[in-house]
Amino acid sequence: MPASVNELVDLLDVEQLEVNLFRGGQPENSRLKRVFGGQVAGQAVSAAQRTVTDGKQLHSLHVYFILGGDPSIPIIYDVESVRDGRSFATRRVSARQHGEVIFYMTASFQKDEGGWDHQDVLPPTPGPDEATSMLDLVQFISPDGTEQWKQEWGGFDMRYVGDPRPEDDPSRQFQPVVQRMWFRAAERLPDDPQLHRAAFTYYSDFSLLGAALVPHGVLISSPKVQPASLDHVVWFHRPFRADEWLLYDQTSPSASGARGLSTAKVYKQDGTLVATVAQEGLIRPAKRPEDR
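Residues numbered from 1 in each chain as written. Predicted model: local features only at pLDDT ≥ 70, side-chain atom pairs only at ≥ 80, totals over all residues. Heavy atoms only, no water.

## Some points on the environment of L213
Part 1: Among the structural elements, L213 can be located in the loop between α5 (193-204) and β10 (225-236).
Part 2: The exposure class assigned to L213 is buried, which follows from its relative accessible area of 6%.
Part 3: Distance in space between the C-alpha atoms of L213 and A255 is 8.3 Å, their sequence separation being 42 residues.
Part 4: Ignoring anything within four residues of it in the chain, the contact list for L213 reads V218, L219, I220, V225 and I283. (Helix = DSSP H or I, 4+ residues; strand = E, 2+ residues; numbered from the N terminus. Buried < 20%, exposed > 50% of the residue type's maximum accessible area, 1.4 Å probe, protein only. Contact = heavy atoms within 4.5 Å.)

The following block contains the structure:
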């Protein structure tokens, strides 16, 4: 994963090989055994956006992670132009490695339109300056892992809030899982809304599945867990910048059958709801070291 914002921008800048055919590179010096799912989704978003040229903006994406990606070779993205209408456009993207499909995405684009407007309210939450740096949290949990963390996640600034509700808060009775964190790109990004959507999509796969393990007192990085993203959905509601603070307000309504479901609302600091995210993933209890 990218260690800097420049590496993130380069990673999301897929190369066009032919009409509707693109190639995504891999980050240098990554220690991951398989490609981070957010990278595949972010590159697929970049490829799909390159094929919509009439001003329509990405408003939703639905993806399935089929096979773990190989970080040692590029990924080929084949974009199918399903429909181009007056108000909406639809794209289907398949990602391939070693002759196999590892990922599918369907994305919908819409021209700017007016209409009714309402949103949920930003929940009472400590601001990013009051939250705990994820680097400090990693150093506390695993002091030997800080350099690897910088190498893998240096492109983002992340601040962990957790569940800020008091123990006697009645909302805990009907919503037992709340996990919140602030995030943004670590440096200023170019003024391209398409890049900001791709960067957001990249990050959105980072912590969401971990919310499904909060009630069980297990970290997603624990050797007790065999995790994998299965499907992932993002709905974009309003404009935002990925280099300005965004609150990732996560919860998990259910875990069963070795799968966990997590959902999240994403807010700007001024309270604007900019996106909703959902993900189901594998959270299988690992029985053998090789499962992890």
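From this point, the discussion proceeds with the structure in view.
## Some details on the pattern of salt bridges
Two side chains bearing opposite charge may form a pair once their charged atoms approach each other closely.
Part 1: Using the criterion set out here, one finds 17 salt bridges in the structure.
Part 2: In this structure, the salt-bridge partner of R165 is D163, at a minimum N-O distance of 2.9 Å.
Part 3: Taking relative accessible area as the criterion, D163 reaches 25% and is therefore assigned partly exposed.
Part 4: Among the ionic pairs, R172 bridges to D163, the shortest N-O distance being 3.5 Å.
Part 5: Members of the salt-bridge network, linked through shared partners, are R188, D191, R241 and D243. (Salt bridge = Lys/Arg side-chain N within 4 Å of Asp/Glu carboxyl O.)

## Some thoughts on the UniProt feature "domain: Acyl-CoA thioesterase 2 C-terminal" (unreviewed entry) in the chain
Part 1: What UniProt calls "domain: Acyl-CoA thioesterase 2 C-terminal" (unreviewed entry) maps, in this numbering, to residues 179-282.
Part 2: Within residues 179-282, the helical portion is 12% and the strand portion 48%, while the C-alpha atoms at the span's ends are 19 Å from each other. (UniProt positions renumbered as here; feature names shortened; annotations may be inferred.)

## Concerning the UniProt feature "domain: Acyl-CoA thioesterase-like N-terminal HotDog" (unreviewed entry) in the chain
Part 1: In the numbering adopted here, UniProt assigns the feature "domain: Acyl-CoA thioesterase-like N-terminal HotDog" (unreviewed entry) to residues 34-110.
Part 2: Across residues 34-110 one finds 18% helix and 52% strand; the C-alpha atoms that close the span lie 33 Å apart.

## Thoughts on α5
Part 1: Taking 1.5 Å as the rise per residue, α5 with 12 residues should run 16 Å; its terminal C-alpha atoms sit 16 Å apart, in good agreement.
Part 2: In terms of burial, α5 is a largely internal element, 10 of the 12 residues being buried.
Part 3: The backbone nitrogen of Q194 lies 3.0 Å from a side-chain oxygen of the residue at the head of α5, namely D192. (Expected span 1.5 Å × (residues − 1). Polar contact = N/O pair within 3.5 Å; in protein donor to acceptor, adjacent residues only side chain to side chain.)

## Some details on the pairing of strand β13 (residues 273-285)
Across a regular strand the side chains alternate sides, sitting on one face of the sheet and then on the other.
Part 1: Alignment of β10 against β13, held across 11 bridges, turns out to be antiparallel. Note that in β13 the partner of Q226 across the bridge is R284.
Part 2: Relative to β13, strand β12 (residues 259-268) is paired through nine bridges, and the arrangement is antiparallel. Residue pairing for β13: L261 is matched across the bridge by E280.
Part 3: Adjacent in sequence and paired antiparallel, β12 and β13 are bridged by four residues, among which G271 carries a positive phi angle near 95 degrees. (Pairing = 2+ DSSP bridges.)

## Focus: the packing of helix α2 (residues 37-50) against α5
Part 1: Where α2 contacts α5, the axes come no closer than 7 Å and their chain directions differ by 160 degrees. With respect to α5, the axis of α2 lies roughly antiparallel. The two elements α2 and α5 cross, and the hand of that crossing is right-handed. Seen from α2, the contacting residues are G38, Q39, A41, G42, V45, S46 and Q49; seen from α5, they are Q194, R197, A198, T201 and Y202.
Part 2: Class assignment of the residues belonging to the contact of α2 with α5 gives a composition of four nonpolar, seven polar and one charged. (Axes fitted to C-alpha atoms, helices over the stretch in contact; angles between N-to-C directions. Parallel < 35°, antiparallel > 145°, perpendicular 65-115°, else oblique. Left-handed = near helix turned anticlockwise from the far one by under 90°. Nonpolar A, V, L, I, M, F, W, Y, C, P; charged D, E, K, R; others polar.)

## Some points on the environment of Q139
Part 1: Mapped onto the elements, Q139 comes out in helix α3 (residues 134-141).
Part 2: Taking C-alpha positions, Q139 is 17 Å from G162, a pair spaced 23 residues apart along the chain.

## A short note on the side chain of T272
Part 1: Mapped onto the elements of the fold, T272 is located in the loop between β12 and β13.
Part 2: With relative accessibility at 19%, the residue T272 sits in the buried group.
Part 3: Ignoring sequence-local partners within four residues, the contact set of T272 consists of Q119, R238, V266 and Y267.

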